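Residues per chain, in single letters:
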Amino acid sequence: MAEKLHFYNESKIRLDELLRKELPAHYKSDFSNSKIRRLIIAGAVSVNGRVITRPAFFLNPRSDICVIFDREKFLYEKQPDDIKFEVTSDSVLYEDDNYIFINKPVFFPVEQTITGNRDNLHDAVVRYLWSKNPSLRNPPYVGIMHRLDRETSGVILFTKNRQVNKEVSEIFQSHSFTKKYYAVVEAGQEKLSPGQTFSVEMYMARISSKSQAAKWGRVAQSSKDAQYSRTDFTVLRPITIENHKCLLLECTLYTGRTHQIRVHLSSQGLPILGDTLYGGTPAKRIYLHSSELSCKLFTVKSDFPW
């Protein structure tokens, strides 16, 4: 059950810093920085009667901070059935002084979530690099430059120093990074043959309410939060997966929107096998795999996993 908590500050301080100090003292429990940020961004905190969603908001002395807090939901969020995974040399596709490419397994999140105690690929990469250089006093830097869904496997890039982040970000933003995926789709009534190509373009935005599983879809260009998206597809060959007659597609991303490939294929009557959110038949996993990342600096590939 949610309760209202009131705090008062004596001096000028950032909102997130105040809550990092006050909430643990009130509940005698640890709170990660990401949890505090998500609580504020979710609109659960008001200052002098006005909802504030900026963690870096500076409080004037003697402000009234009200937090609507549900201890059970906040501290004991249900955990998905993640696999256990450690990065080893076998899962490193390429590494140099600036970059490390990992062959991400399915059912393993890329980064920390609100629970603050869920293992993830970012932390696993930090552990791996630290184990290679145990004399370091602090954890090695690992930068997240892009993300894959928990249910997606394959190539993912992390940076090993901050100096290269700007260059990598500019490559992503200029569409100079080629990102390819394998997708297994149900053949259905579609008459597609090996070698056939097609493209899907649309404006996308979230179409589900915040209380439901996040779902994206086609919206009008003029809609709020609409983002242009495009994927090029090539039919590779027929394939049978879990006794389902399917097609193996190569997907080349021009943009990188949330759930882009999943939405684009579903819009063509070709949902990915296992992707029940977008109309696919239930399966052991969502059959989507990041197969290649390439640009002027490097080309890194992950083998076909099925």
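A. Examining the environment of Tyr-287 more closely. Among the structural elements, Tyr-287 can be located in the loop between helix H6 (260–267) and strand S16 (288–294). Note: C-alpha distance between Tyr-287 and Leu-19 (268 residues apart in sequence) is 41 Å. For Tyr-287, the residues in contact, after removing those within four places along its chain, are Tyr-182, Ala-183, Val-184, Ile-241, Glu-242, Ile-272, Leu-273 and Trp-306.

B. A look at the pairing of strand S7 (residues 92–95). Pairing of S7 with strand S8 (residues 99–104), which is carried by three bridges, proceeds in the antiparallel orientation. Bridged to Tyr-94 within S8 is Phe-101. Between S7 and S8, which pair antiparallel in sequence order, lie three residues.

C. Structural context of the packing of helix H1 (residues 15–27) against helix H2 (residues 33–41). Orientation of H1 relative to H2, taken along the N-to-C sense of each, is 115 degrees, at an axis distance of 10 Å. The crossing of H1 and H2 is right-handed. Taking contact as the criterion, the partners of Leu-15, Asp-16, Leu-19, Arg-20 and Leu-23 in H1 are, on H2, Asn-33, Ile-36, Leu-39 and Ile-40. The residue inventory of the contact of H1 with H2, partitioned by class, reads six nonpolar, one polar and two charged.

D. Representation of the confidence of the model for the protein within the structure. Residue-level pLDDT values for the protein average 90, and 93% of them are 70 or greater. By mean pLDDT, helix H3 (residues 71–75) is the weakest element of the protein at 61, and S7 is the strongest at 98.

E. Geometry of unusual backbone geometry. Within the chain, Arg-62 stands out as a residue other than glycine whose phi angle is a positive 65 degrees. Examined against the element boundaries, Arg-62 turns out to sit in the loop between strand S5 (58–59) and strand S6 (64–69). With relative accessibility at 67%, the residue Arg-62 sits in the exposed group. For Asn-243, which is not a glycine, the phi torsion comes out positive at approximately 70 degrees. Mapped onto the elements, Asn-243 comes out in the loop between strand S14 (227–241) and strand S15 (244–253). Since its relative accessible area comes to 76%, Asn-243 is described here as exposed.

F. Quick peek at the packing of aromatic side chains. Scanning all chains against the criterion turns up 11 aromatic pairs. A ring pair is formed by Tyr-99 and Phe-298, whose centres lie 5.0 Å apart and whose planes are at 70 degrees; its orientation type is edge-to-face. Within this pair, whereas Tyr-99 is found in strand S8, its partner Phe-298 is found in the loop between S16 and strand S17 (299–301), the two being separated by 199 residues in sequence. Considered together, Tyr-99 and Phe-298 belong to a single accessibility category, that of buried residues. Taken together, the ring pairs in this structure connect Tyr-94, Tyr-99, Phe-101, Phe-172, Phe-177 and Phe-298 into an aromatic cluster.

The rules we used
Residues numbered from 1 in each chain as written. Predicted model: local features only at pLDDT ≥ 70, side-chain atom pairs only at ≥ 80, totals over all residues. Heavy atoms only, no water. Helix = DSSP H or I, 4+ residues; strand = E, 2+ residues; numbered from the N terminus. Contact = heavy atoms within 4.5 Å. Pairing = 2+ DSSP bridges. Axes fitted to C-alpha atoms, helices over the stretch in contact; angles between N-to-C directions. Left-handed = near helix turned anticlockwise from the far one by under 90°. Nonpolar A, V, L, I, M, F, W, Y, C, P; charged D, E, K, R; others polar. pLDDT = per-residue confidence, 0-100. Buried < 20%, exposed > 50% of the residue type's maximum accessible area, 1.4 Å probe, protein only. Phe/Tyr/Trp six-rings, centres within 6.5 Å; stacked < 30°, edge-to-face > 60°.

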